Amino acid sequence: MQSNQVMLSADKYETGSSGFVWQNHLPSDLFNQIRFHVYTTHHMVIGKTWAGSEFINHYNRVYYVNSGEAVLKAKGKTIQMRPGHVYLIPPYQLSSHYALSELDFYWCHFQAAVHDDLDFFTLYPDIIELNGNGDSQVPLSFKLLADNNEQTGLAAQAFRNSTLMQLLLPFLDKIDSSSSAKQSIKHKALMPAINLIQQNLHNPPQIKALAELCNFSLEHFSRSFKQAFNISPKRYILATQLAKAKKMLLLEDLLIERIAEQCGFGDIYHFSKTFKQEVGLSPTEYRRQKQSENLK
């Protein structure tokens, strides 16, 4: 027999045995549903090899620069990364980055899932830059996250989540005061399409099918998708296919033909031609170059 238990919340106002009356902070309909998870955090010192052109991540990224300079590009904006500053890049955004000099920085990848597979930070789909100079807690939080990265267990996960929350407080404060944070529905309506694409890269869905899944007309879907994620549905699918292909070329010892098949390109000729056009190197050249760089 299935039990339908309902979690009861505290009343807005309550009284104690002495007659003292207090007001409770009631749970937020949105924030109370967020499920935070830290994927990984690292400290890195790297040169101009830190470069990525027009890629998409399904997770949030937050960077803190100790020294050096780099450039972030997204939604037609160019942001120069500077020492002491913190940068939050929301998921599903077409972005690029490259170092201008030796870069000493921390980076953290995390999820803030809410409303099924909607990420909270897609509600504010712009890169947010904050000045952390003078706040010693910021680099310390990143160091704690990086030092804890290899730890496992409930306590380690709880520690990472609580430390992440400390880092995110100023970002949440900025989002809370922004009118654009009220635009939550437009991203939520497109998440079924994002999920279908991610789950079927080996056989990418047609744009018409994605529009129907979201109950949009084809024109309305394409326009809404471009407004939300700064990329057309067709380009998003291609960028996601190429991101998977790059990962497979570096992490898996598979034949190029097999990678082409698993990434939905049909045949090796189409895959190699498209990869060369978009990346500037053939799949074989890309694999060889990255492997050589990792050996240095």
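Residues numbered from 1 in each chain as written. Predicted model: local features only at pLDDT ≥ 70, side-chain atom pairs only at ≥ 80, totals over all residues. Heavy atoms only, no water.

Participant: Help me understand the pairing of strand β6 (residues 70-74), please; the structure alone is not making it clear to me.
Facilitator: Looking along a regular strand, one sees the side chains alternate between the two faces of the sheet. Most of β6 is tucked away, with four of its five residues classed as buried. Inspection of the sheet shows β6 paired to strand β7 (residues 77-81) by five bridges, in the antiparallel sense. Residue pairing across strands places Ala70 opposite Met81, the latter belonging to β7. Connecting the antiparallel pair β6 and β7 is a turn made up of two residues, with Lys75 showing a positive phi of about 50 degrees. As judged from the five bridges shared by β6 and strand β9 (residues 95-99), these two strands associate in the antiparallel manner. Bridged to Ala74 within β9 is Ser95. (Buried < 20%, exposed > 50% of the residue type's maximum accessible area, 1.4 Å probe, protein only. Helix = DSSP H or I, 4+ residues; strand = E, 2+ residues; numbered from the N terminus. Pairing = 2+ DSSP bridges.)

Participant: What should I look at first to understand the side chain of Asp104 in this one?
Facilitator: For Asp104, the position within the fold is in strand β10 (residues 103-114). Although Asp104 is buried, it makes no salt bridge; Lys143 carries the closest opposite charge, 12 Å away. Setting aside chain neighbours within four positions, we find Asp104 in contact with His43, Met44, Val45, Tyr64, Val65, Asn66 and Ser67. (Lys, Arg positive; Asp, Glu negative; His and termini not counted. Salt bridge = Lys/Arg side-chain N within 4 Å of Asp/Glu carboxyl O. Contact = heavy atoms within 4.5 Å.)

Participant: Help me understand the nonpolar core in this model?
Facilitator: The nonpolar side chains of a soluble globular protein tend to be buried, and buried together. The biggest cluster of nonpolar side chains holds 28 residues, and the ones touching the most others in it are Phe110, Phe120, Phe121 and Phe142. Broken down by secondary-structure element, the contributors of at least two residues to this core are β3 (35-46), β5 (60-67), β8 (85-89), β10, β12 (128-131), α1 (137-147) and α2 (154-176). By residue number, the principal contributor to this core is α2, which donates six residues. Apart from the residues lying within four places of it in its own chain, the contact partners of Phe110 are His37, Val38, Tyr39, Tyr59, Asn60, Val62, Leu88, Phe121, Leu164 and Leu168. If you look at the next biggest cluster of nonpolar residues, it comprises 20 residues, including Leu190, Leu210, Phe221 and Phe225. (Core = buried A, V, L, I, M, F, W, Y, C linked by side-chain atoms within 4.5 Å.)

Participant: Mind showing me how you'd approach the side chain of Asn148 here?
Facilitator: Counting through the fold element by element, Asn148 comes out in the loop between α1 and α2. The exposure class assigned to Asn148 is buried, which follows from its relative accessible area of 11%. Setting aside anything within four residues of it in sequence, one finds Asn148 in contact with Ala156, Phe159 and Arg160.

Participant: Is there a simple way to think about the packing of helix α7 (residues 233-251) against helix α9 (residues 268-279) in this case?
Facilitator: A pair of packed helices can be characterised by two numbers: the angle between their axes and the separation between those axes. Interhelical geometry of α7 versus α9 gives an angle of 100 degrees and a closest axis separation of 11 Å. One element, α7, and the other, α9, form an angle in the roughly perpendicular class. Residues Arg235, Leu238, Leu242, Ala245, Lys246 and Leu249 of α7 pack against Phe271, Thr274, Phe275, Glu278 and Val279 of α9. Class assignment of the residues belonging to the contact of α7 with α9 gives a composition of seven nonpolar, one polar and three charged. (Axes fitted to C-alpha atoms, helices over the stretch in contact; angles between N-to-C directions. Parallel < 35°, antiparallel > 145°, perpendicular 65-115°, else oblique. Nonpolar A, V, L, I, M, F, W, Y, C, P; charged D, E, K, R; others polar.)

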